[in-house]
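# Structural features, examined
Next come the chains, spelled out residue by residue.
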Amino acid sequence: MSTKRSHETVRWLDADEERAWRALRRMMIAIQTRTAHDLAALGLSEPDYEVLSTLSERPGRTSTLHEQAAKMGWSRSRLSRHATRMEARGLLRREPDPDDGRGCYLVLTEHGLETLEDAAPAHLESVRRHVIDRLSPADLSAVEEIARKLEEPFGG
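On a predicted model such as this, the values are computed, not experimentally measured, just so you know.

For the chain, the helix and strand inventory stands at six helices and three strands. Computed over the C-alpha atoms, the radius of gyration of the chain is 19 Å, more than 25% above the 15 Å expected from 2.2 N^0.38 for a compact globule of 156 residues. Summarising its shape, the C-alpha atoms of the chain cover approximately 55 × 50 × 25 Å along the three principal directions. Taken across its 156 residues, the chain has 27% of its residues classed as buried. Counting only carbon and sulfur atoms, one obtains 55% of the accessible surface of the chain, whose full area is about 11200 Å². Here the chain carries 24 positive and 27 negative side-chain charges, and the mean point of each set is 6 Å from the other.

And the structure:
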């Protein structure tokens, strides 16, 4: 069975929709590239920062691998491989999850917390420089409203 759709059933983008879609893609790529570059100068990747910041905000500075993978939109195996690299750098440690024999807890280490605390001011400056300071309060409200709509599940 073919998964190709007939050209007659495809809802092609009109000129306005295509311009908006391409602008959104260019914006996401530009912001991600710039902030990732700034984090790399600090010795961190975007996923490193996401894991560290999430763990720092959680009770006990811990999260299950499953919860963290879901938050990042990653598979458990992908995050597990990334966590192995972070663990080798002393940023986190793993502890067994008694409720999930295949899972584990990710626990922020003191070194991981110090790394995050050192990186946070520069990361926030990067976010300000590449996004926040370029937009008016009305723009920021519009971005937030659009993001909320796009975060909702399809049909939500």
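For the structure shown, the criterion picks out 14 salt bridges. In this structure, Glu-18 and Arg-22 form a salt bridge, with 2.8 Å as the shortest nitrogen-oxygen distance. Of this pair, Glu-18 and Arg-22 both sit in helix α1 (residues 15–40), four residues apart, which is roughly one turn of that helix. Judged by its relative accessible area of 47%, Arg-22 falls in the partly exposed class. By sharing partners, the salt bridges in this structure join Asp-38, Glu-125 and Arg-129 into a single network.

With that settled, the discussion passes to the packing of α1 against helix α5 (residues 110–130). Where α1 contacts α5, the two axes come as close as 10 Å, and the packing angle between them is 155°. In terms of orientation, α1 lies roughly antiparallel with respect to α5. Where α1 crosses over α5, the handedness of that crossing is right-handed. Of the residues in α5, those in contact with Arg-34, Thr-35, Asp-38 and Leu-39 of α1 are His-123, Ser-126, Arg-129 and His-130. The residue inventory of the contact of α1 with α5, partitioned by class, reads one nonpolar, four polar and three charged.

Looking now at the sheet that holds strand β2 (residues 92–96). Strands in a sheet are paired, the pairing made by backbone hydrogen bonds, and the direction either parallel or antiparallel. Ordered by their spatial adjacency, three strands build an open sheet running β1-β3-β2, and the pairing between neighbours is antiparallel. The sheet terminates laterally at β1 (62–64) and β2, the two strands that pair on one side only. Taken pair by pair, the neighbouring strands of this sheet meet at an average axis angle of 25°, ignoring direction. Summarising the sheet, β1 and strand β3 (residues 104–108) pair through three bridges and their orientation is antiparallel.

For soluble globular proteins, nonpolar side chains are generally found buried alongside one another. Of all hydrophobic cores here, the largest spans 22 residues; its most connected members are Tyr-49, Val-51, Leu-52, Leu-79, Leu-92 and Leu-106. Mapped onto this core, the elements with two or more residues apiece are α2 (46–57), α3 (65–72), α4 (76–88), β3 and α5. Residue contacts for Leu-79: discarding those within four places in its chain leaves Val-51, Leu-65, Gln-68, Ala-69, Met-72, Trp-74 and Leu-106.

Now for the pairing of β3. Where burial is concerned, most of β3 is hidden: four out of the five residues are buried. One ladder, built from five bridges, connects β2 with β3; its direction is antiparallel. Looking at β3, one finds that Glu-95 is bridged to Tyr-105.

What follows deals with the packing of α3 against α4. Where α3 contacts α4, the axes come no closer than 9 Å and their chain directions differ by 105°. What the angle tells us is that α3 and α4 run roughly perpendicular. Where α3 approaches α4, its residues Leu-65, His-66, Gln-68, Ala-69 and Met-72 are matched on the opposing element by Arg-76, Leu-79 and Ser-80. Its residues assigned to classes, the contact of α3 with α4 shows four nonpolar, three polar and one charged.

Thresholds applied
Residues numbered from 1 in each chain as written. Predicted model: local features only at pLDDT ≥ 70, side-chain atom pairs only at ≥ 80, totals over all residues. Heavy atoms only, no water. Helix = DSSP H or I, 4+ residues; strand = E, 2+ residues; numbered from the N terminus. Rg over C-alpha atoms; globule rule 2.2 N^0.38 Å. Buried < 20%, exposed > 50% of the residue type's maximum accessible area, 1.4 Å probe, protein only. Areas by Shrake-Rupley, 256 points an atom, 1.4 Å probe, with all protein chains shown as cover. Lys, Arg positive; Asp, Glu negative; His and termini not counted. Charge placed at Lys NZ, Arg CZ, Asp CG, Glu CD. Salt bridge = Lys/Arg side-chain N within 4 Å of Asp/Glu carboxyl O. Axes fitted to C-alpha atoms, helices over the stretch in contact; angles between N-to-C directions. Parallel < 35°, antiparallel > 145°, perpendicular 65-115°, else oblique. Left-handed = near helix turned anticlockwise from the far one by under 90°. Contact = heavy atoms within 4.5 Å. Nonpolar A, V, L, I, M, F, W, Y, C, P; charged D, E, K, R; others polar. Pairing = 2+ DSSP bridges. Core = buried A, V, L, I, M, F, W, Y, C linked by side-chain atoms within 4.5 Å.

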